Amino acid sequence: MSDSPKPLLHADRRSFLITSTKAALAIGAGSVMGSSLLTACGSSKPAGGGGDFRTPFTQQPLPYAYNALEPFIDARTMEIHYTKHAAGYASNLDAAVKAENAPTDAGVEALLGKISKYSEKMRNNAGGHYNHELFWQSMKAKGEGRPEGALAAAIETQFKSFGDFKLQFADAAKTRFGSGWAWLLVDSNKKLQISSTPNQDNPLMDVAAVKGTPLLGLDVWEHAYYLKYQNKRADYIDAWWNLVNWSFVQDRYTLCLR
Ligand code: MN
């Protein structure tokens, strides 16, 4: 019930990833970094032993306090979302993995790529767990407002301008009927795409209509916004732009390009 900060283990890990990724890029050792993500991005680089971007099957600590995203996302929503909804996906995923004897050594990403071989329970909970782990990291208390560098350039090439991109992304989020997610992803041609998926599906799944590696995802389930915004999903989407952790998104994009 408290708003006290959670342990910053995830943030520490994040800093380590950024540092080590930059180090790897500097010495040309990219093939051992982020191998799962690179594979999903269609890279010809062989999968190495790093696996740093392989999402663990267990719920990781929230990288900020429940109230850190106020006033855009309220503390109560964050607490329920993280401790009930997202925790539930992680625990149900664990049960499904055991029941269906699914491999866990290659990260959740590898499982999602073959999700059609598994049960509906696996699909919902592997997707739910992965999506939320990405969602928490893709936000921070003071977002940068917009991307920079190669990602900004690619967004302008692909969508004409950052403003046009925001409109298209928000439209995907607003028009997703019922529960689901909006995505910015890199497809197998390394092109940026916007899509949306129902329920807890995502672009990594072999069943997705638009496949690729998610760079950024927005949860538009009512549980993500209803306490503060009620039926006004569009207001939640407008507010959420203030929270986007663009440096995190850019790091993912950089890895996908290699
Ligand atoms: Mn959610």
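Residues numbered from 1 in each chain as written. Predicted model: local features only at pLDDT ≥ 70, side-chain atom pairs only at ≥ 80, totals over all residues. Heavy atoms only, no water.

Under the definition given, this model contains 16 aromatic pairs. Counting every residue linked through ring pairs, the aromatic cluster contains F159, F162, F165, F169, W240, W241 and W246. Stacked on the ring of Y229, the Lys or Arg K228 has its end atom at 5.8 Å from the ring centre. (Phe/Tyr/Trp six-rings, centres within 6.5 Å; stacked < 30°, edge-to-face > 60°. Lys NZ or Arg CZ within 6 Å of the ring centre and 35° of its normal.)

This brings us to the packing of helix 3 (residues 75-100) against helix 5 (residues 120-137). For the pair helix 3 and helix 5, interaxial distance at closest approach is 8 Å and the crossing angle is 140°. Accordingly, the angle class assigned to the pair helix 3 and helix 5 is oblique. The interaxial crossing formed by helix 3 with helix 5 has left-handed handedness. Tallied by class, the residues present in the contact of helix 3 with helix 5 amount to 13 nonpolar, eight polar and two charged. (Axes fitted to C-alpha atoms, helices over the stretch in contact; angles between N-to-C directions. Helix = DSSP H or I, 4+ residues; strand = E, 2+ residues; numbered from the N terminus. Parallel < 35°, antiparallel > 145°, perpendicular 65-115°, else oblique. Left-handed = near helix turned anticlockwise from the far one by under 90°. Nonpolar A, V, L, I, M, F, W, Y, C, P; charged D, E, K, R; others polar.)

If you trace the backbone, E109 turns up in helix 4 (residues 107-112). The class of E109 is buried, set by a relative accessible area of 9%. (Buried < 20%, exposed > 50% of the residue type's maximum accessible area, 1.4 Å probe, protein only.)

Attention now goes to the side chain of N245. If you trace the backbone, N245 turns up in the loop between helix 9 (233-240) and helix 10 (246-257). By relative accessible area, N245 is classed as buried at 11%. At a separation of 3.1 Å, a polar atom in the side chain of N245 contacts the side chain of S247. Among all residues touching N245, those that are not within four sequence positions of it are Q137, S138, M139, K140 and E144. (Polar contact = N/O pair within 3.5 Å; in protein donor to acceptor, adjacent residues only side chain to side chain. Contact = heavy atoms within 4.5 Å.)

Across the junction of E70 and P71, the peptide omega takes the value 0°, indicating a cis bond. With respect to the element layout, P71 can be found in the loop between helix 2 (35-40) and helix 3. A positive phi is found at K160, a non-glycine position, where the angle reads about 85°. As for its placement among the helices and strands, K160 is situated in the loop between helix 6 (149-159) and helix 7 (162-175). We classify K160 as exposed; its relative accessible area is 65%.

What follows deals with helix 6. Every buried residue of helix 6 is listed here: L151, A152, A154, I155 and F159. The buried residues of helix 6 occupy an angular sector of 165° when the element is viewed end-on, so they sit on one face. Every exposed residue of helix 6 that faces more than 90 degrees away from the buried side is listed here: G149 and T157. Contact partners of the buried residues in helix 6: helix 7, strand 1 (180-186), strand 2 (192-198), strand 3 (213-219) and helix 10. K160, located one to two residues past helix 6, shows a positive phi value of around 85°. (Arc of directions from axis to C-beta.)

Geometry only, nothing functional implied.
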